[in-house]
Amino acid sequence: MNEKVFKFDDISAYTLTQRCLIRLADLVFYSLVVIIGKTIKFEIENIENYDEIIKAEKIPIYAFWHNNIFLGTYYFRNRKIIVMSSKSFDAEYIARFIKRLGYGTIRGSSTRGGVGALVEMVRMMKRGFPTGFTVDGPKGPKYEAKAGVCLLAKKTGNPIMPFVVVPQKYWTINSWDKLQIPKPFSRALLKIGKPICVESKINDEDIENKRLELQKTLDELVKNGENWQNTTNK
């Protein structure tokens, strides 16, 4: 497949030192995700919610919290999912290593280039590619869903598929999202919420209601995940 979104971006505008750092970080993060991911035993709950989307001949819009990105990226690898990647130095190596895992990237964020990126994601979904959103990204606030994913669902007619992927044991990074890095050879729960459909003719108020529905669903999934963590760690 000769799609630009799946190819490495040109980094020639960066200095030699920056290019070396981008390539090094790319390989380090890719290796870390793959090596740890292979040791994780996943437990899946509510897979029927995913099956419902496929049976309806729709394409899922994956929606999850930013601190689930490690295991979420590993589990859903090699599915040609298109994600939005911000326009920043850090995003350069992030875009490279997730492409190694079979993702495509469109550059933009809620603060920079977001409208153009959303238009491009609509185009790619119409061509049959699934998409993925960290709905509180790229910079938070943590666990606060933004409306972009609802707009994409409205424009494409495809349902939002909320999910959480919760490690049994993990390290927490001191970042805005408290990123969770799973400990090797532990378990993880992937719990999928009911699909959220957004009609094409709804207004801004209805979009906000859908955002709140997504927020509530993800909040409940997080609570369920925390209960699972507490139970399995006893």
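That block above? That's the structure.
None of these values were measured; they are calculated from a predicted model. (Residues numbered from 1 in each chain as written. Predicted model: local features only at pLDDT ≥ 70, side-chain atom pairs only at ≥ 80, totals over all residues. Heavy atoms only, no water.)

*Asks:* Please explain the overall build of the protein as it appears in this structure.
*Replies:* What the protein contains, in helices and strands, is seven helices and nine strands. In terms of overall size, the protein behaves like a compact globule, its C-alpha atoms giving a radius of gyration of 17 Å where 234 residues would be expected to give roughly 17 Å. The principal-axis extent of the C-alpha atoms belonging to the protein is close to 50 × 45 × 35 Å. The burial tally for the protein puts 48% of its 234 residues in the buried class. On the protein, roughly 12200 Å² of surface is accessible, and the fraction owed to carbon and sulfur atoms is 53%. (Helix = DSSP H or I, 4+ residues; strand = E, 2+ residues; numbered from the N terminus. Rg over C-alpha atoms; globule rule 2.2 N^0.38 Å. Buried < 20%, exposed > 50% of the residue type's maximum accessible area, 1.4 Å probe, protein only. Areas by Shrake-Rupley, 256 points an atom, 1.4 Å probe, with all protein chains shown as cover.)

*Asks:* Can you walk me through unusual backbone geometry in this structure?
*Replies:* For residues besides glycine, phi is generally negative; the peptide bonds are generally trans as well. With omega at 0°, the peptide bond leading from glycine 137 into proline 138 counts as cis. Tracing the sequence through the fold places proline 138 in the loop between β5 (131-134) and α6 (148-156).

*Asks:* Help me understand the state of the cysteines in this model?
*Replies:* Put plainly, a disulfide is one covalent bond tying together the sulfur atoms of two cysteines. Under the criterion given, the structure shown has zero disulfides. Note on cysteine 197: no disulfide assigned, nearest cysteine sulfur contributed by cysteine 150 at a separation of 12 Å. The exposed category is assigned to cysteine 197, whose relative accessible area is 52%. (Disulfide = S-S within 2.5 Å.)

*Asks:* Help me out: how do you make sense of the sheet that holds β5 in this one?
*Replies:* Strand order in this open sheet of seven strands is β1-β9-β6-β2-β5-β3-β4, and the pairing throughout is mixed. What marks the edges here is a single partner per strand, and that holds for β1 (41-45) and β4 (104-107). Strand-to-strand twist across the sheet, computed as the mean angle between neighbouring axes with direction ignored, equals 30°. With four bridges connecting them, strand β3 (residues 82-85) and β4 associate as parallel partners. From the neighbouring strand, methionine 84 faces β4, where its bridge partner is isoleucine 106. Against the sheet, helix α7 (residues 204-232) makes contact with β1, β2 (61-64), β6 (160-167) and β9 (187-192), and its axis sits at roughly 25° relative to β6, the strand it touches most. (Pairing = 2+ DSSP bridges. Axes fitted to C-alpha atoms, helices over the stretch in contact; angles between N-to-C directions. Contact = heavy atoms within 4.5 Å.)

*Asks:* Where do I start with the nonpolar core in this structure?
*Replies:* General note: in soluble globular proteins, nonpolar side chains tend to be found buried as a group. Residues Phe133, Val135, Val149, Leu152, Ile160 and Leu214 are the most contacted members of the largest nonpolar core, which totals 35 residues. Counting only elements with at least two residues in this core, the list comes to β2, α5 (114-126), α6, β6 and α7. Leaving out residues up to four positions away in the same chain, valine 149 has contacts with Ile61, Ala63, Phe133, Val135, Ile160 and Leu214. Ranked by size, the runner-up nonpolar core spans 25 residues in total, among them Ile53, Tyr62, Phe76 and Ile98. (Core = buried A, V, L, I, M, F, W, Y, C linked by side-chain atoms within 4.5 Å.)

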